[in-house]
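Residue-level structural notes
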Amino acid sequence: MTKKLYYESAYIREWGTRITRKWEREDGAYLVLEETAFYPHGGGQPCDLGWIDAIPVLDVVLEEGEILHKVERFPEKEEVQCRLNWDRRFDHMQHHSGQHLLSAMCLEVCEAETLSFHLGQDYATIDIARADLSPAEMIILELDVNDQIYLNRKVSSYFVTREQAAALPLVKQPKVTEDIRIVEIEGIEYNACGGTHVSATGEIGMIKLLRAEKQKGHLRIYFKCGYRALKEFNAGMDILNSLSARFNTSKEEILDRIVKWDQEQKQLQTELNAVKAENDAYLAEKLLAGRQSGLIKHVFADKPLKDMQNLAAKLTDQADVIVLFVSNADNKVLLAKGGERELACGAFFKQHLADYNGKGGGSDNMAQAGFATEEDAMAFYHFAAQSLSSVEGE
């Protein structure tokens, strides 16, 4: 049985040991060590990574009581030197201890039991037995949990018997009946847990609650601890500083400046829409006056699809015509009809688009499609123009 060094100390980073077993599986090379500080997946905590004789450790799993190390390739010697990816390990320690502390404060402050814990690469979450928390409750919870960090309470771990565990005020009774490991946060809680933890709450650094969302009748709280929380803060400051420079104002006045900017943009959009409507009316009149059949077709250099739709709607409202537009700006083709014509625009597209690498669809009265290249869009446009011209008797 492998000796689990991470239970002796979560701070062991390097050690020498011996390989006791190695074998090839379909998914790669695995080995067992006489002693290991590599923590396997378990209890919501991801595994440790690192190196064995400078060979990357790709995964660590626990199977039938044995710790298996998946490696990039087998070491040449039986005696090996091992080294943890310490940044990853300490991040896991901060977040696992942070989760214990956060869960304890959820129970105390919000009277909500923690149902599950997940530690991902981007953030950590707990699901609690509450339907929701008000913004004020989230603020109080965050302040209270950080108060406990600053008190720097001792975090210790030890093994107890089933009888000893039964006498402790555990958060939840463990499923195992022997080798029960207790993680104790001094004055806060006793919890049966096999994960790696910091030695005092101060090492968590801080806990930042990011958001809360409903999840199957419960509440999921997203949070970050320690260095991840610091990176989150720095990323936010970078955005804030960029906005401050962009709007040429202080950070404190950015929200007011954005509100004013938003109002200005809405006013400009209103004015732009009025100009577009006037231009569309003029262009619709010109296209209707210049048509020689029931088909109106036009190639636009840079007209967006929405603007083509608006113009086509004006044309088909005013006359019993078929409208075919193409825009070279985004390789879009639009087909619309007015009156009681038998043409079904959506069906026409569905029948022919695949031949020109186009994707789209629509109703009987209007359809649109996009193409990967300008050449495909123009080829389909010319095909459609020829086909519809034949129908119109050109």
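One can find the structure itself at the top, above this paragraph.
Attention in this report is confined to the structure presented alongside it.

What counts as what
For every chain, the first residue of its written sequence is number 1, and the numbers climb from 1 along that sequence. A pLDDT threshold of at least 70 governs which residues receive local features in this predicted model, and a stricter bar of 80 or more applies before side-chain atom pairs are shown or counted, although totals over entire chains, interfaces and linings include all residues. As a rule here, side-chain values cover all heavy atoms of the structure and leave hydrogens and water aside. Per the convention used, a helix needs a DSSP run of H or I reaching at least four residues, while a strand needs a run of E reaching at least two, with both numbered from the N terminus. For a compact globule the rule gives 2.2 Å times the number of residues to the power 0.38, and the radius of gyration it is set against comes from C-alpha atoms. Exposure is judged per residue with a 1.4 Å probe applied to protein chains only, and the accessible area is read against the type maximum: over 50% gives exposed, under 20% gives buried, and values in between give partly exposed. Throughout, the Shrake-Rupley method with a 1.4 Å probe supplies accessible areas, and for residues the shown protein chains are the sole cover considered. Charged residues are defined narrowly, with Lys and Arg counted positive, Asp and Glu counted negative, and His plus the chain ends left uncounted. Just so you know, the charge point we use is NZ for Lys, CZ for Arg, CG for Asp and CD for Glu. For two strands to pair, DSSP has to find at least two bridges joining them. What counts as an axis is a line fitted to C-alpha atoms, over the stretch in contact for a helix, and the angles between N-to-C directions run from 0 to 180 degrees. By definition, residues are in contact when any of their heavy atoms lie within 4.5 Å. Each salt bridge in this description consists of a side-chain nitrogen of Lys or Arg and a carboxyl oxygen of Asp or Glu lying within 4 Å of one another. For this analysis, a nonpolar core means a set of buried residues of the types Ala, Val, Leu, Ile, Met, Phe, Trp, Tyr and Cys, connected via side-chain atoms within 4.5 Å. The definitions used throughout rest on a 1 Å grid laid over the protein atoms alone, on which a cavity is an enclosed set of points accommodating a 1.4 Å probe that cannot get out and a pocket is an open set flanked by protein within 12 Å on both sides along at least five of seven lines; lining residues are those having an atom within 4 Å of a point. Grid points are joined across faces, edges and corners, and a volume is the space filled by probe spheres set on the points. Each residue gets one label: Ala, Val, Leu, Ile, Met, Phe, Trp, Tyr, Cys and Pro are nonpolar, Asp, Glu, Lys and Arg are charged, and the others, such as Gly, are polar. Geometric relationships in this document are graded by angle, where less than 35 degrees denotes roughly parallel, more than 145 denotes roughly antiparallel, 65 to 115 denotes roughly perpendicular, and other angles denote oblique. Handedness of each helix crossing follows the sense of rotation of the near helix against the far helix: counterclockwise by less than a right angle gives left-handed, clockwise gives right-handed.

Check the secondary structure of the chain and you find 9 helices and 20 strands. Over its C-alpha atoms the chain spans a radius of gyration of 33 Å, topping by over 25% the 21 Å that the globule rule assigns to 394 residues. Judged by the C-alpha coordinates and their principal axes, the chain covers about 95 × 55 × 40 Å. Considering the chain as a whole, with its 394 residues, one finds that 42% of them fall into the buried category. Surface exposure of the chain reaches about 21600 Å², of which carbon and sulfur atoms provide 49%. Once the 45 positive and 62 negative side-chain charges of the chain are each reduced to a mean point, those two points are 0 Å apart.

One open sheet accounts for 3 strands, arranged β11-β12-β13; its pairing is antiparallel. The open sheet has two free edges, formed respectively by β11 (155-160) and β13 (189-192), since each of these has just one partner strand. Recorded for the sheet is a direction-independent mean angle of 25 degrees between the axes of neighbouring strands. Along the sheet face, helix α2 (residues 86-109) touches β12 (180-185) and β13 and points at about 70 degrees away from the line of β12.

The next subject is the pattern of salt bridges. Under the definition given, this model contains 18 salt bridges. Note that D91 is salt-bridged to R228, the shortest N-O span being 2.7 Å. Separated by 137 residues along the polypeptide, D91 in helix α2 and R228 in helix α5 (residues 226-246) bring together distant segments of the chain. Here the two residues D91 and R228 agree in accessibility, since each one is buried. A salt bridge links K266 to D262, with the nearest nitrogen and oxygen atoms 3.4 Å apart. Of this pair, K266 and D262 are both found in helix α6 (residues 254-290), 4 residues apart, which corresponds to roughly one turn of the helix. Through salt bridges that share partners, K3, E8 and E35 make up one connected network.

This part covers the nonpolar core. L141 and F223 are the most contacted members of the largest nonpolar core, which totals 32 residues. For this core, the elements supplying multiple residues, two or more each, are α2, β9 (114-119), β10 (124-128), α3 (135-150), β12, β14 (207-215) and β15 (218-225). A total of 7 residues in this core trace back to one element, the largest contributor, which is α2. The next biggest cluster of nonpolar side chains, apart from the first, holds 21 residues, and it includes L295, V333, A377 and A385.

This next bit is on the layout of surface pockets. Size it by volume and the largest pocket reaches roughly 1200 Å³. Along its surface, the largest pocket is lined by 38 residues, and G43, N191, A192, C193 and G194 are the ones closest to its centre. Those elements that provide at least two residues to the lining of the largest pocket are α1 (5-8), α2, β9, β12 and β13. Residue composition of the lining of the largest pocket, by class: 17 nonpolar, 13 polar and 8 charged. Quantified by volume, the second largest pocket comes out at close to 220 Å³. Along the walls of the second largest pocket sit 16 residues, with S9, A10, S157, R181 and H197 positioned nearest its centre. Contributions of two or more residues to the lining of the second largest pocket are made by α1 and β11. Residue composition of the lining of the second largest pocket, grouped by class: 8 nonpolar, 6 polar and 2 charged.

Here we take up the environment of L5. Here L5 is to be found in helix α1. You can call L5 buried: its relative accessible area is 6%. Between the C-alpha atoms of L5 and E78, which are 73 residues apart in sequence, the distance is 19 Å. L5 has contacts with I12, W15, E35, T36 and A37, leaving out every residue within four places of it along the chain.

What follows covers the packing of α6 against helix α7 (residues 305-318). Two elements in contact, α6 and α7, have axes separated by 10 Å at closest approach and are oriented at 50 degrees. Classified by the angle between their axes, α6 and α7 sit oblique to one another. Crossing of α6 over α7 shows right-handed handedness. In this structure, α6 uses K276, A277, D280, A281, L283, A284, L287 and L288 to contact α7, whose residues at the interface are D307, N310, L311, K314, L315 and Q318. The residue makeup of the contact of α6 with α7, split by class, is 8 nonpolar, 2 polar and 4 charged.

Scope: geometric values only; no functional claims are made or implied.
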